[in-house]
Amino acid sequence: MTLLKLLLPLALALAGRAEAQAAPPATDTSIQVAQAKPAARTRNRAPQRNGPPYAAREDAMQFADDLAARRDLDPAWVRGMVGQAQNLSVVSRLMQPAPATQPKSWAVYRSRFIDPVRIAAGLRFWQDNLQTLQRAEQEFGVPAEIIVGIIGVETIYGQQLGDFRILDALATLSFDFPDSHPRAAERTRYFRGELEQFLAWHHANRTSPLRPRGSYAGAWGMPQFMPTSLARWGVDYDGDKVIDLARSTDDAIGSVANYFKGYGWNTGMPTHYAVDFDREKLDLDALLAPDILPTFSVASFQAKGAVLQGPALEHKGPLALIELQNGGDPPTYVAGTENFYVITRYNWSSYYAMAVIELGREVREAFVGQTASNR
């Protein structure tokens, strides 16, 4: 990924900084609206009270007719599917921005995802899928620990896939997105695009849109892909001619690796480096201005008071100063590379990206330790 390619999302990145960095994982950032993704947390598994079907809604039926014409699909089939979708009022409520009740804390955020239970589950996942992880790393250039980190943060390796019927969730967010949300119009357009892709994908694959279940935002499977990500990056990695991210660990692994490769993963490049500051030269505002977008050369980074050491001094690409707030304590800072930025394409949050990196590292260390003890 070149710096030129990275510059395009700068305005969106700056606009979304406060909201995205405070949020827990969203699904594959297909829901970041720039491509992002909410992870399957406990609230995604709660039983839902369904409202009336959308068959009686004129706007929903007009959407179905327009979709059928635009995609050259069977109009009766599209009307039938959209008409069977049911409004879920809880989904609309869950889409409301969380109130800012306390300062952001990297330590608290980290503790949600890096714990003994998740590490142990990750170790089992790595052991059970060792050959597939090795194959994906070789073919796509994405380290196994990053793939393992993503699937662990998103669904605890398939333990929490979500229990919302995806058709209902996407229809609710397409036709009844809360008007009080500060970005209601933008989000409505986004979810209508996801509903369109969801229906078109099932129509093309001759599968039922009534069956899949996932997160309240419409994300699906072990890696929590949104429909556009499934269509674009989904891989039949087990060779059975079906892409099944909920039941095939091979497909989930291959699809996550393909996603990162598609967003420009640089094989062999670290995700971040340690950074210190020269307080006499430090221009913190300038260093933080581009947010998570890698912008500074090593020379310009250091000219603004950032201090790098060792391999970081030989880094060839742009860097970003990543700030992770710690409540009332001093923030944690790292120098993020283009690969750090690529992880945020999955979820537009530096906190999320660091949780993925650290969970993957912890699981890798557990795997290496277990392997050594078995020799």
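As the structure is a prediction and not an experimental result, all values here were calculated from the model.

*Asks:* Lay out the pattern of salt bridges in plain terms, naming residues and giving numbers.
*Replies:* Following the criterion strictly, the structure yields 14 salt bridges and no others. Put simply, Arg57 and Asp59 hold a salt bridge, and the shortest N to O gap is 3.0 Å. Of the residues examined, Arg57 reaches a relative accessible area of 26% and is grouped as partly exposed. The partner of Arg79 in a salt bridge is Asp65, and the shortest N-O contact between them spans 2.8 Å. Note that Arg79 is positioned in helix α5 (residues 75-84) and Asp65 in helix α4 (residues 58-71), a separation of 14 residues in sequence. Overall, the relative accessible area of 37% leaves Arg79 in the partly exposed class. Residue classification places Asp65 among the partly exposed residues on the basis of a relative accessible area of 27%. Put simply, Arg110, Glu358, Arg361 and Glu362 are held in one network by salt bridges that share partners.

*Asks:* Any details on the packing of aromatic side chains? Residues and values, ideally.
*Replies:* Applying the stated criterion across every chain, the model contains 23 aromatic pairs. Considering the side-chain rings of Tyr54 and Phe175, the 5.4 Å spacing of their centres and the 55 degrees angle between planes classify their relative orientation as tilted. Residue Tyr54 is found in the loop between α3 (17-22) and α4, and its partner Phe175 is found in helix α11 (residues 166-175); the two are separated by 121 residues along the sequence. Each member of the pair Tyr54 and Phe175 is classed as buried. When the ring of Phe260 is compared with that of Trp265, the centres are 5.9 Å apart and the planes differ by 55 degrees; the resulting orientation is tilted. Exposure class is identical for Phe260 and Trp265. Each is buried.

*Asks:* Hey, could you go over the pairing of strand β7 (residues 329-336) for me, with residue numbers and the actual values?
*Replies:* Across 3 bridges, strand β3 (residues 272-274) lies against β7 in antiparallel orientation. Residue pairing across strands places Tyr273 opposite Ala335, the latter belonging to β7. The pairing of strand β6 (residues 320-326) with β7 spans 6 bridges and is antiparallel. Bridge pairing in β7 links Ala320 to Gly336. Taking the residues that link successive antiparallel strands as the turn, the β6-β7 hairpin has 2 residues, and the phi of Gly327 there is positive, at about 65 degrees.

Rules behind the numbers
Residue numbers here run from 1 along each chain, matching the order of that chain's written sequence. In view of the model being predicted, local features appear only for residues whose pLDDT reaches at least 70, and side-chain atom pairs are presented and counted only at 80 or more, with totals across whole chains, interfaces and linings using the full set of residues. Each side-chain value is derived from all of the structure's non-hydrogen atoms; neither hydrogens nor water enter the calculation. Here a salt bridge means any side-chain nitrogen of Lys or Arg lying within 4 Å of a carboxyl oxygen belonging to Asp or Glu. Each residue gets one of three labels from its accessible area relative to the maximum for its type: buried under 20%, exposed over 50%, partly exposed in between, using a 1.4 Å probe on protein chains only. In this text, helices come from DSSP runs of H or I with a minimum length of four residues, and strands from runs of E with a minimum of two, each type numbered from the N-terminal end. Aromatic contacts are taken between Phe, Tyr and Trp rings whose centres are within 6.5 Å, Trp giving its six-membered ring; a plane angle under 30 degrees counts as stacked, one over 60 as edge-to-face, and the others as tilted. Paired strands, in this sense, are two strands between which DSSP finds at least two bridges.

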